[in-house]
Amino acid sequence: MSRLYDNQPLQSVPVINHSYSGHWETHQYEKGNGLLLEGNIEARSRHVITDSSQKKYRYYVLHMKVQRSHRRQFDSSGKELEPNFSQTKKVQTGYLQSSYKVEAKGQSDKLSQDQLESVLIKADLTKLTGKHTPKSCIPLWIQEECLEKLDLVDGEHVRLKTKGNGPFIDSITKMDLEHVNVCNYAGGDAVGGSWTDKVMAVKLQDHPTTTQDDEEGAGADDDEWDD
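Owing to the predicted nature of the structure, the values given are computational and were not obtained by experimental measurement.

S.K.: Just to check I follow, could you spell out the packing of aromatic side chains for this structure?
M.R.: Geometry of an aromatic ring pair is reported as the spacing of the ring centres plus the angle between the planes. In total, this model carries 8 aromatic pairs according to the counting rule given. Between W24 and W141, the ring centres sit 6.0 Å apart and the planes meet at 35 degrees, which makes this aromatic pair tilted. Remark: W141 occurs in strand 8 (residues 138-143) and W24 occurs in the loop between strand 1 (15-19) and strand 2 (35-50); sequence separation between them is 117 residues. As far as burial versus exposure is concerned, W24 and W141 are alike and both buried. Aromatic rings pair up to connect Y20, W24, Y29, Y57, Y59, W141 and F168 into one cluster.

Written out as structure tokens, the structure reads:
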């Protein structure tokens, strides 16, 4: 069944204009595999970049308090692998079930807050967004047209992928008990393991309204993000 969409939450965010000396280019921030993030949107800001050629680039910046962060991993064929969400495991040391020890479970791809900030915080971009970013939040950029069909407000709980090791969003999922809404403005297929298949299964540009198939694919288990 189709849903009525109200873009009032997006329209209420004031526009901040910036003049950029030179050609605006984001590829420099998109090197590397990227990150998987989960957390709450604490604030949003809206930015229009006008470069030296007078071309305008429109973005929303989502100021996110990150709760979980992992590096994206790919195999040799380019298929995205399931993140190593747990850093430790219990190993039985005797016949009794209560007799065990805790040891490392492989090499974790989880990032600390310091590691996360070193990857995503870019000094030149912070000059544009810094005063709008609440304490302990990470500013993440997304093209304005991407959010036109995703009703997103402050306080939303989201999961997202970054486009390389930088603050530009590749895909974003609003966590909802009834639906999983996905916005993937990269234009490619959402590849990966079971977590990615469950959470990133629907693309807004292909499915502008909620269908029965969308609802069946919405049940990503939160247990998969437990440490």
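S.K.: I keep staring at the pattern of salt bridges and nothing clicks. Help me out?
M.R.: Side-chain pairs of opposite charge can arise whenever the charged atoms involved come near each other. Taken as a whole, this structure holds 8 salt bridges when the rule is applied. In this structure, the salt-bridge partner of R159 is E38, at a minimum N-O distance of 3.1 Å. Here the residue R159 occupies a position in strand 9 (residues 157-162), and E38 occupies one in strand 2, the gap between them amounting to 121 residues. For R159, a relative accessible area of 0% translates into the label buried. With a relative accessible area of 4%, E38 lands in the buried category.

S.K.: Sorry if this is basic, but what is going on with the nonpolar core here?
M.R.: Soluble globular proteins tend to bury their nonpolar side chains together. Within the largest apolar cluster, 23 residues are counted, with the highest numbers of intra-cluster contacts made by L37 and I172. Only strand 2, strand 3 (56-71), helix 2 (113-120), strand 8, strand 9 and strand 10 (169-175) provide two or more residues apiece to this core. Broken down by element, this core gets its largest block of residues, 4 residues, from strand 3. Formed by 10 residues, the second largest nonpolar core is a distinct cluster that contains W24, Y57, L125 and L128.

Rules used in this analysis
- Residues numbered from 1 in each chain as written.
- Predicted model: local features only at pLDDT ≥ 70, side-chain atom pairs only at ≥ 80, totals over all residues.
- Heavy atoms only, no water.
- Phe/Tyr/Trp six-rings, centres within 6.5 Å; stacked < 30°, edge-to-face > 60°.
- Helix = DSSP H or I, 4+ residues; strand = E, 2+ residues; numbered from the N terminus.
- Buried < 20%, exposed > 50% of the residue type's maximum accessible area, 1.4 Å probe, protein only.
- Salt bridge = Lys/Arg side-chain N within 4 Å of Asp/Glu carboxyl O.
- Core = buried A, V, L, I, M, F, W, Y, C linked by side-chain atoms within 4.5 Å.

Keep in mind these values describe shape, not function.
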